[in-house]
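What the coordinates show
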Amino acid sequence: RTPKAVKTITAHSDSVTSLTFLPAKRQFASVGHDGSMRVWDYRNYKCLYEMPVHKRKFNEACNCLGVNFSSNLLATGGSDGLVNIFSCP
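Residues numbered from 1 in each chain as written. Predicted model: local features only at pLDDT ≥ 70, side-chain atom pairs only at ≥ 80, totals over all residues. Heavy atoms only, no water.

**A short note on the pattern of salt bridges**
Stated formally: Think of a salt bridge as a Lys or Arg side-chain nitrogen and an Asp or Glu carboxyl oxygen that are within 4 Å of each other. Helix numbers and strand numbers start at the N terminus; a helix is a DSSP run of H or I with at least 4 residues, a strand a run of E with at least 2. Three exposure classes are used, based on accessible area relative to the maximum for each residue type with a 1.4 Å probe and protein chains only: buried under 20%, partly exposed in between, and exposed over 50%.
By the definition in use, this model includes four salt bridges. Notably, a salt bridge pairs glutamate 50 with arginine 38, separated by 2.7 Å at the nearest N-O pair. On the criterion of sequence distance, the pair formed by glutamate 50 in strand β4 (residues 46–52) and arginine 38 in strand β3 (residues 36–41) is long-range, its members being 12 residues apart. The exposure class assigned to glutamate 50 is partly exposed, which follows from its relative accessible area of 47%. Assessed through its relative accessible area of 12%, arginine 38 is described here as buried. Of the charged contacts, one joins arginine 43 and aspartate 41 as a salt bridge, the two residues approaching to 2.9 Å between their closest N and O atoms. The exposure class of arginine 43 is exposed, given its relative accessible area of 53%. According to the relative accessible area criterion, aspartate 41 is buried, its value standing at 8%. The network of salt bridges with common partners includes Asp34, Arg38 and Glu50.

Take a look at the structure:
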């Protein structure tokens, strides 16, 4: 069988560079070249919150996203040379 898309979301104003699922919260987080991180509810595909996390540099901004499930932390890495760490609400 061929997988089928169940939903397409315009998540960022520029390229999406990374995303991760937060299954215990029924959410996923995405980051992109627009410099923002967004957290989504994947039951209704609504953006729960958005925050600027990195400054744009050479048309890039936020390049990667990681999660630590045991400590409830998200981390982002950007072209600005910063790693930002956030606690998941």
